[in-house]
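What follows is each chain in one-letter form.
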Amino acid sequence: MTDPILRAVGLTRAFGGIKAVSDVSIAVRTGSITGILGPNGAGKTTFFNLLTGFTKTGAGEVYLQQERITNLPPHLLARRGLVRTFQLAKPLAGLTVEETVLLPALRVGAGQDRRQARERAAYLLDRVGLAAKAEATSESLTYGDLRRLEIARALMLRPKLLLLDEPFAGLGAGEIETVSQLIHEIRDREEVTVLIIEHKLREFFKLVETVIVMVAGEVVAEGTPAEVVKHPKVLSAYLGERAYEH
Amino acid sequence: MRFFNRTDSVVSLAALALLAAVPLLTSDNYVLGILITAICYAIWAGSWDLLSGLTGRENFGHSLFIGAGAYAAAYLNTAYGIDLGWGIVVAPLVSGTLGALIGLPTLRLQGPYFALATLVASAIAHTLCLLLWRVTGGEEGLSGILPMAGSQSDYYYLVLTIGFVSIAAMKLFALSDAGLVLRAIGSDEAICRAAAIDVDAYKITTFAFSAAFAGLGGALFAGYQLTAAPDLLSSGLSITIVVMAYVGGMGTIYGPAVAALFLALIVEYLRGFGEYRLLVYGLILLVVVRLTRHGFVDPFWRWLKGRLA
Amino acid sequence: MQKTRIKLAIGVFAALSSSVALAQTSDKPVKIGIATAIQLDRGKDTVSAAQMAADEINAAGGLAGRKIELVVADEGKTTNEGVGAINKLISEKVDVVVGGYNSGITLAQLPHLSRAKTIYLGVGASAPAIQDMVEKNYAAYKYIFRVNPLSSIDISKSIGDFIVGKVYGERGFKKVAIVAENAKWARDMIEPAAEIAKAAGVEIVFEEYFDPATPDFAPLFSKVAKSGAQYMIPMLAATPSDLFVKQWYDMAVPVEMGGVDTGSLDADFFQRIGGKSLSETAINYITRAPLTAKTIPWWDEFVSRFGREPQFTAPGAYDAVHVYADAVKRAGSFASDAVVSALENTRHTGVRGTITFDKRHDLVAGPGLVNALWIQWQEGGRRVVIWPKDLATGPMISAPWLKKP
Amino acid sequence: MAEILLYGAASSASYALMAVGFTLVFGVARVLNLAHGAFYACGAYAMYGFCAAFGAAPAIAVLAAIAVLAAVGAIVNRFFVEPLRARPMAVLMSTLALSIVAEQTLLITFGSQSRNIPLILDGPVSLLGVRIGAQGLLLIAVAIVVIGALWLFLHKAKLGKAIYATSQDPVGAQLVGIRTSTVFAVVFAVSAAMAALSAAIVGPMQTVSPEMGLMPMIKAFSVVIVGGLGSIGGSIAAALLLGYSETIVSYLVSTEWAQIVSLVAVFVTLVVRPSGLFGK
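Numbering of residues begins from 1 in every chain and follows the order in which that chain's sequence is written. Here every chain gets a letter starting at A, and every ligand a number starting at 1, in the order they are written. The predicted nature of this model means local features are confined to residues of pLDDT at least 70 and side-chain atom pairs, given and counted, to a pLDDT of 80 or more, with totals for whole chains, interfaces and linings taken over all residues. To obtain the side-chain values, all non-hydrogen atoms of the structure were included, while hydrogens and water were left out.

Engineer: Run through the interface of chain B and chain D, naming residues and quoting values.
Structural biologist: Should any heavy atoms of two residues lie within 4.5 Å, those residues are counted as being in contact. With 36 residues of chain B at the contact, the number on the chain D side is 32 residues. Buried area, as used here, totals the accessible surface that two parts lose on assembly, with accessibility defined by a 1.4 Å probe and the loss added over both. Summing both sides of the interface, chain B and chain D together bury roughly 3100 Å²; the carbon and sulfur share of this comes to 82%. Interface area lost by chain B to chain D is led by Tyr113(B), Leu116(B) and Arg290(B), which between them contribute 19%. By definition, a salt bridge exists where a carboxyl oxygen of Asp or Glu is found within 4 Å of a side-chain nitrogen of Lys or Arg. The interface formed by chain B and chain D holds zero salt bridges in total. Two N or O atoms count as a polar contact when they lie within 3.5 Å, although within protein this holds only if one can serve as hydrogen donor and the other as acceptor, and sequence-adjacent residues are included solely when both atoms are side-chain atoms. For the interface between chain B and chain D, the tally reads one residue pair in polar contact (both at pLDDT 80 or more). Considering each element in turn, the side of chain B that touches chain D owes the most residues, 14 residues, to helix α5 (residues 111-131) of chain B. Here the residues of the side of chain B that touches chain D are counted per class, giving 27 nonpolar, five polar and four charged. Note on conventions: DSSP H or I runs of at least 4 residues are helices, E runs of at least 2 residues are strands, and numbering of each starts at the N terminus. Amino acid classes used here: Ala, Val, Leu, Ile, Met, Phe, Trp, Tyr, Cys and Pro are nonpolar; Asp, Glu, Lys and Arg are charged; the rest, including Gly, are polar.

Printed below as a string of C-alpha cells:
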C-alpha cells in the first residue's frame, strides 16, 4: 500500500465544551477518491477546516506525505498542494471568470510568467466547460458554473490533494452528473487525490472508492461503500432502512 | 498588468498641463496655496482608496497617518533643522510603519469594526498629541518650519509633480495583479486564502502603502503651511476624506483624487460663508451615501468617454 | 558745514517725496485686513471695534486723505483655514492685518505674513512664541506686533503679583492650589507665577493638570478641598468655563477661586449660568473703569452701537487701528518697513492704557502703561476690579457658602 | 472611598443611559447609529428651547424633550436608515452625515455660545459624608428606574417581547408575523428618548453647545463595544466598569489621563475581542 498522501492522527477540536471532532485518525490513499459521510452536525466541516488550516486544532497531528502540516495557514497548505473548495460557491465581485481562475498565479511569488499562466487557465476553463464565458464577470454565472469554476481555480495550483466541500450542493441532477464526471477525469488525468464531503448519496456512492463515516465527531466506520452500508452504526445513525434501498 | 488606456492618459496629461500652467498666469500665494492644499487632499483621498476602495475595509482614521507624516517632517525641521526635502522623504517611512503597526491588529476585523478601530486609533493619537505637548507643541503645534529653497511657485511644482506621480503610481498598482488580488480579498478572503494568497500580508502591506502616501501628502502640506497642527490628526479630516472617496467612487483611485481636488476648491470658494461649509459637506454626504460605491466622478467619466468614442 | 547742508537737503527731499507719494495714492482706500473667527463673539467684536476706529478716522478726513476700508477673512477653527485667511488678505493687497484669537493659528500664519512683508497687529493671542520669532529672525519677522491682550510672560507676572499681593497679602491665604488644563499655554503661564508665589512664602499645596474634555470635576474638586488649600487658581481656555464654574458652585467647594478663565470674560457669563460665578475672580483686560480717559466713553459707545459689552479682543482691535494710523502719519508713508520703524517707537494712549512695544515688538505691561486687571463677579452680575490696588473699584467678596464672620 | 463610590455611580449612570439606547438599536436593528450623539445634543437644545422660549419648568421641559426626540428617532429610522438597510456601511455613513448636519444646524441657529439649562434638583446634598449634587443622585435613580423599566418591558410587555424576538432573529420574527418595521421604529424612538433624557439630566451639570454630543457618543461607543454590541446586560456592566475606572484614575492618578482610558479600552477590546465581553 503506497504511503497515504494525507494522515490525520487523533485530531480533536472542541467548541465551548462540545467536542465537534474527537480523536479522529484517518489515512487517505494516494490517487484515491475518498469520501467523508455523516449526518448534519457530525463534525465533517469542522474536520475539513482542521485539515485545511481554517480552524486551529485542539489536539492531534496532520501529515501531508510525511510532512507535518498541523495548523499551517491555508495559503501555505495551498502552496504545498493541499487545495480546498467551499460549500457555498461565491463569485469574486469585479473579477472576470478568467481572472478568477488566474488568481492563484497572480500573487507575488507565484513564479509563473503571465503567458504560461493564461495558457493553463484557458486549458482549465475548457476542461470545465467554461471557455466560452472567460470574459464574463463571475457574478453572471449560474451556480453550476460557479462550482466548476471553483474546481478550475483549484487545479490552477496543480494540487496533489483536492478537498471538495459538498461539491454537489445546490446542483440539479444534470449538473451533478457533469461535476461527478469532471472529478473522475481530474483524478485520472491530473494525478490528483480527491477527498470529498457530501451527503447526496446516490452520486456520492458511485464516485468514491472508500468512505469514512463520521457521527457526532467520531469515525464509526470505514471501507468501500458496499461494506459501509451494512455497518450497524451507520444504518441506525444515518441511513435508515428505506433511504438506502431505492 | 493592464496599463492606462489611451483616452485616460491623454486627458490626465492635459489636466497636468493645465495645472502646471497656473503659476505662469499668477504668482499669487493665495491661489497657489489653494491648489497645493487641493493636491494634498487628492493624494490623501487617493491613498485612502488604495486600501479602503480596493478591499472594502473603510479606514475612518486616515488623519492619523497624515498627521504622523506632517509631524515627522515638522519635527525634523524645527528640532534638528533638517531640511524639509528630507522630511518629505522620511514622512512616508514613518507613516508607512505606523500603518503596518496599526494594521496588524485591526485588519482582521470586519467592516464596521475596522472603521471604529481606526477612528478610535486616530482619536487616541490626537489626544496624545495634545497631552505630550513638550514634544508636539500641544495645541500650538510645531510652527516655524523653514520653507524649502525657491519660490512658492517652485514648491507648487514640487507638490504637483509628487502628487501626479503618486496618484499615477497608485492607479497602476490598482490596475496591476496586486490590485486584482486586493479586490478579490475585498470580495471573499476565504477563497483567496485557499488560492494560496497570504491575505494578511497583502492587507498589511497595502495599508502601509496607503499610510505612506498619506504621510507624504501630510509632509507636503506641512511644507506649504509651515506648521504641523493637531487638526491634521482630527477625526473631522478623516471623515472629510471618506466623503471625497464616496463622491469620487471607491476603488478607482483617480475618482476620489479628482473629487478631492474639486471639493477642496469648492470648499475654498465657499470661504465667503464659512459657517455653512460643514453643513454643505454633511448634505453632500447624505446624498452621496444613497448612491452605490461608484460615486459621481467615475460613472461620469465613463459616460463621457462613451459619448466621445 | 557742507555735510550738514546736504543732509538737510536730503531730509527735505525725503519729506517732500513721501508726502507726494502719500498724496498721489489718495484715491485708493487704505485696506485694513481683519483675520479672526467670525463665528465666535471674540471675532465679531474684533471686527466691530476695528470698524469703530476706522469710522472715527474716516470722519476726521481719513488716513493721509484716504478712506479706510476693512477686509474681513474668517480664520475658522483650524490652522488650514487660518493660513488660507491670511493668504486671501495678502492677495487682496491689504496694508495691515489686525486679528488673532488662537495662538496656534497665529503662529501658523507668521511665515506667510513675513514672506509678504505684511504688518500684523495681534489682538487676541498671548503665546510668547509669537514674538520670539521677532527676536530670533528680526529681518523676516519684524512686521509682527502684539497690541493686545498681553504676553503670557506679563500675564504670569500679574498672576504671581495677584497671589502674593491680594490672595496672601490682604486675604492671608497661605495655602494655594493650582488646577490647570493640560496645555502648553497653561504650563508656560502658571509655572513662573508659582515661582513668584513660592518666593514670597506662599505654599502650593496641590497642583494637578486635567484634560479639557473632562465632563465631571467632582473628583478634582474634592481632592482640592482635601488638600487644605484656601485658594484655587484655575487655568481654563479650551475647558468649557460654564461647566467648571457651575460644578464648583453646585458642589459648594470650600475653596475660593480665581485665575485665568477665558470663558468667564464673556459679558453674559454670570447671567447665563444663573449667577453661579459669584465671587469667581478672573484676569481680564477691559472693563468699564477709567483705565484711561478714553475707556468709559469708548465702552459706552460700543455698548450703545453694538448692543452688548465688548469682549477682550475689542479694545485691542480699536487701539490697533489707531496705532497703525499714527505710525503711518509719523512715517509719512505706507511702505511696510517705514511704518514698522514708526511703530517701534509708538507711545499711544489707547482704551486699555498707553501702548508701547519692546524690542520683541511685544506690548509692554506695567504701571502707567497697560495692565492686566483682576475682576471679580459680584452680586447682580457686577464686575468689580479688585487688583491692582491703584485701579481697584471695590472690595473682594467671599463665596456665599464661605461667608467670613 | 465613599466619594469614588458615589461619583463613580453618577458617571456610570450617565454612560449607561446613553449606551443602553445605542446597543438596543444595534442589538435589534443591527445599526451602528453614529447620530446617537446628535440625539443627545438635540435633546439638550430641545430642553433649552422649552425652558428659555416657553419658560416651562425643568421637569416638564424634560418630558417634552423626550417626546420630541422619540419622534425624531422614529423619523430618522424611517427616512435615513430603512431605505439603506441592505448596506451596513451606507447606514453608518448616513447616520454620520446626519450627525454632521444636526451639529451644523444647531451651530447656525443657536450660535457657538454655550447655553445652560436649569437643574431639576438644585444644590449640593451630603450623603455618606460626601458632598454631591442632588442632580447627580437624581441621575443615578433615573438610570436605575429607566433601565429597569426597559428590562421589564422587553421581557414582559407584548411589544417588548416582539422587540426581543427581533433582536434574536429578525427573519424569524418576520416569519411569525412581527412587523419588524414598527419594531425598528420603536427601538429608534426609545433609544433617542433615552439619549434626550440623559442630556436633560446631565446637561445642566455641563454646558449645552452644538458639539456636546461628541464625547458622550465616544463614551457610549466604548461602553457598548466593551460590553458587547447588542447585549443590554453587557452595556450596563461595561458602563459601571468604565465609569468607575475613570473616577478611580481621576482620583488615584490624575484627571489628565482619565479621558484616554475609555479610548484605549475600546481599541483593545475591538482588537482582542470584537464581540466584547458579553456580545453576540
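From this point, the narrative continues.
Engineer: So, the packing of aromatic side chains: which residues are in play, and what are the values?
Structural biologist: For Phe, Tyr and Trp, where Trp contributes only its six-membered ring, two rings pair if their centres lie within 6.5 Å, and the inter-plane angle classes them as stacked under 30 degrees, edge-to-face over 60, or tilted in between. Taken as a whole, this structure holds 31 aromatic pairs over all chains when the rule is applied. Between Phe221(B) and Tyr224(B) the ring centres are 6.3 Å apart and the planes differ by 65°, which places this aromatic pair in the edge-to-face class. Note that Phe221(B) and Tyr224(B) are positioned in helix α10 (residues 199-225) at a spacing of three residues, about one turn of the helix. Throughout, exposure labels follow a simple rule: accessible area from a 1.4 Å probe, protein chains only, divided by the maximum for the residue type, with under 20% read as buried, over 50% as exposed, and the rest as partly exposed. Using a relative accessible area of 2% as the deciding quantity, one classes Phe221(B) as buried. We classify Tyr224(B) as buried; its relative accessible area is 3%. When the ring of Tyr45(D) is compared with that of Phe110(D), the centres are 4.5 Å apart and the planes differ by 40°; the resulting orientation is tilted. One end of the pair, Tyr45(D), is in helix α2 (residues 36-54); the other, Phe110(D), is in helix α4 (residues 88-110), and 65 residues separate them in sequence. Note on Phe110(D): relative accessible area 25%, which makes it partly exposed. Sitting above the plane of the Phe79(D) ring, Arg78(D) keeps its charged end 5.3 Å from the centroid. Definition used: whenever NZ (Lys) or CZ (Arg) falls within 6 Å of the ring centre and also within 35 degrees of the ring normal, the charge is taken to sit over that ring. The ring centre of Phe184(D) lies 4.3 Å from the NZ or CZ of Arg85(D), which sits over that ring.

Engineer: Can you explain the packing of helix α1 (residues 2-29) of chain D against helix α5 (residues 134-156) of chain D? Please cite residues and give values.
Structural biologist: Residues and elements named next belong to chain D. Fitted lines through C-alpha atoms serve as axes, helices being fitted only where they are in contact, and the angles separating the N-to-C directions of these axes extend from 0 to 180 degrees. Where α1 contacts α5, the axes come no closer than 8 Å and their chain directions differ by 35°. With respect to the hand of their crossing, α1 and α5 are arranged in left-handed fashion. Two secondary-structure elements touch here, α1 through Leu6, Ala9, Ala10, Ala13, Ser14, Ala16, Leu17, Val20 and Leu24 and α5 through Leu137, Leu139, Ile140, Val142, Ala143, Val146, Ile147, Leu150 and Leu154. Partitioned by chemical class, the residues of the contact of α1 with α5 number 17 nonpolar, one polar and no charged. Each crossing is labelled by how the near helix is turned from the far one, with a counterclockwise turn of less than a right angle marking it left-handed and a clockwise turn marking it right-handed.

Engineer: With reference to specific residues and values, describe the interface of chain C and chain D.
Structural biologist: Listed by partner, the interface residues are 32 residues for chain C and 28 residues for chain D. Overall, the association of chain C and chain D removes approximately 2400 Å² of surface from exposure, summing both partners, and the carbon and sulfur fraction of that is 48%. Its largest share of buried area at the contact with chain D, chain C owes to Pro219(C), Lys246(C) and Asp250(C), together 19% of the area lost on that side. Across the chain C-chain D interface, the total number found is two salt bridges.

Engineer: Give a detailed account of empty space enclosed by the protein, specifying residues and quantitative values.
Structural biologist: Buried and open spaces are told apart on a 1 Å grid over the protein atoms alone, a cavity being a set of points where a 1.4 Å probe fits but cannot get out and a pocket being an open set with protein on both sides within 12 Å along at least five of seven lines. Residues with an atom within 4 Å of a point are the lining residues. Grid points are joined across faces, edges and corners, and a volume is the space filled by probe spheres set on the points. Taken as a whole and assessed by the stated rule, the structure comprises eight cavities of 30 Å³ or more. In this structure, the second largest cavity occupies an estimated 70 Å³ of space. Forming the boundary of the second largest cavity are Val83(A), Arg84(A), Thr85(A), Phe86(A), Glu150(A), Arg153(A), Ala154(A), Leu157(A), Ile191(B), Ala194(B) and Ala195(B). Mapped by element, the contributors of at least two residues to the lining of the second largest cavity are β6 (82-84) and α5 (143-156) of chain A together with α9 (189-194) of chain B. Of all the elements, α5(A) adds the most residues to the lining of the second largest cavity, at three residues. Looking at the lining of the second largest cavity residue by residue, the class counts come to seven nonpolar, one polar and three charged.

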